[in-house]
Amino acid sequence: MKALKNIFVGFLVSFIGSIPLGYLNVVGFEIYSKLGMNSLFFFLLGVIFVEMVVIYLTLIFAKQLVNNKKLIKIIDFCAVLFLLILGYSFYANSSQIMEEQGILESYAMCSPFLIGVLLNCINFLQVPFWTGWNLYLINGDYISIVNKLKLYYIAGTLVGTFFGMLSLVLILNTLSKNTTSFYQYVMPVVIPSFFVVLALVQMGKVYKKYYRNKTLL
């Protein structure tokens, strides 16, 4: 029963958590629309390969990571910069996307699997995300990480991420076919704005976490 519980909890958290992987979902959509389902499959495998390592390490060292305030602070600041760079990248490439060239052009010589690995390696947001969730689930006794049970949890998270991202990619593909304004407004305006909003939210968290108490004093 504990193994099934670990799988279910891991699946649920990662399925919902695949939504914050916004830029990976957008790249996955481009890969699917231009290279097909086969390439998307290998791209998602590359993404969850990196996530498997991140989840395992944050699961084992969650408490140590939380106590390492200097490292967490660096990750928090990098996350803000990361989101702003992503927003600018999609805005800057919007004209190419409308001309059917897209952001995949610079990765044309790489395999979809490597694209997934490389892009998820620079996803700083997943470290605090999984550290926080793993601590919450462990402390709340929602999962057990004794011996092989942690592997069932990790398996559940990987399956959840895979199907969560696949669902979002297919939704994006459906939207692109049902509206002519998708490439005119969503790609050059909505998606960059989405990342800017996420960056502002992250900046607010950084301010409250590191500077609010100091200013109050």
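Structure first, text after, so check above.
Think of each chain on its own: its residues are numbered from 1, step by step along the sequence as written. With the structure being a predicted model, the display of local features is reserved for residues of pLDDT at least 70 and the display and counting of side-chain atom pairs for 80 or more, all residues being used for whole-chain, interface and lining totals. The basis for the side-chain values is all heavy atoms of the structure; hydrogens and waters are excluded.

## Some remarks on a nonpolar patch on the surface
Rule in force here: A patch consists of residues exposed above 30% relative accessible area that lack any salt bridge, with like charges linked at up to 9 Å and nonpolar side chains (Val, Leu, Ile, Met, Phe, Trp, Tyr) linked at up to 5 Å. The accessible surface values rely on the Shrake-Rupley method and a 1.4 Å probe; as for residues, cover is taken only from the protein chains in view. What counts as a salt bridge is simple: a side-chain nitrogen of Lys or Arg found within 4 Å of a carboxyl oxygen of Asp or Glu. Counting from the N terminus, the helices are DSSP H or I runs at least four residues long and the strands are E runs at least two residues long.
Together, Phe-49, Met-52, Val-53, Tyr-56, Leu-57, Ile-60 and Phe-61 line one region of the surface with nonpolar side chains, adding up to about 590 Å² of accessible area. Relative to the elements of secondary structure, Tyr-56 occurs in helix 3 (residues 37-67).

## A closer look at the environment of Met-165
How we decide: Remark: exposure states derive from per-residue accessible area (1.4 Å probe, protein chains only) relative to the maximum for the residue type, with buried under 20%, exposed over 50%, and partly exposed in between.
The topology assignment puts Met-165 in helix 8 (residues 149-178). Met-165 sits in the buried class, given a relative accessible area of 1%. Once the C-alpha coordinates of Met-165 and Val-47 are considered, the two residues, 118 residues apart in sequence, prove to be 9.8 Å apart.

## Description of the side chain of Asn-173
Definition in use: Any two residues whose heavy atoms approach within 4.5 Å at even a single point are treated as in contact.
Looking at where Asn-173 falls in the secondary structure, it is placed in helix 8. The class for Asn-173 is buried, based on a relative accessible area of 10%. Apart from the residues within four sequence positions on either side, Asn-173 is in contact with Phe-29, Tyr-32 and Ser-33.

## Some words on the packing of aromatic side chains
Just so we agree on the cut-off: When the centres of two rings from Phe, Tyr and Trp lie within 6.5 Å, Trp using its six-membered ring, the rings pair. Their planes under 30 degrees apart give stacked, over 60 give edge-to-face, and anything left gives tilted.
Scanning the entire structure with this criterion turns up 4 aromatic pairs. On the numbers, 5.6 Å between centres and 85° between planes, the contact of Phe-41 with Phe-42 is edge-to-face. On the basis of relative accessible area, Phe-41 is assigned to the partly exposed category, the value being 37%. Aromatic pair Phe-162 and Phe-163: ring centres 5.4 Å apart, planes at 80°, arrangement edge-to-face. Among the residues examined, Phe-162 registers a relative accessible area of 14% and is labelled buried. An aromatic cluster of at least three residues, connected via ring pairs, comprises Phe-41, Phe-42, Phe-162 and Phe-163.

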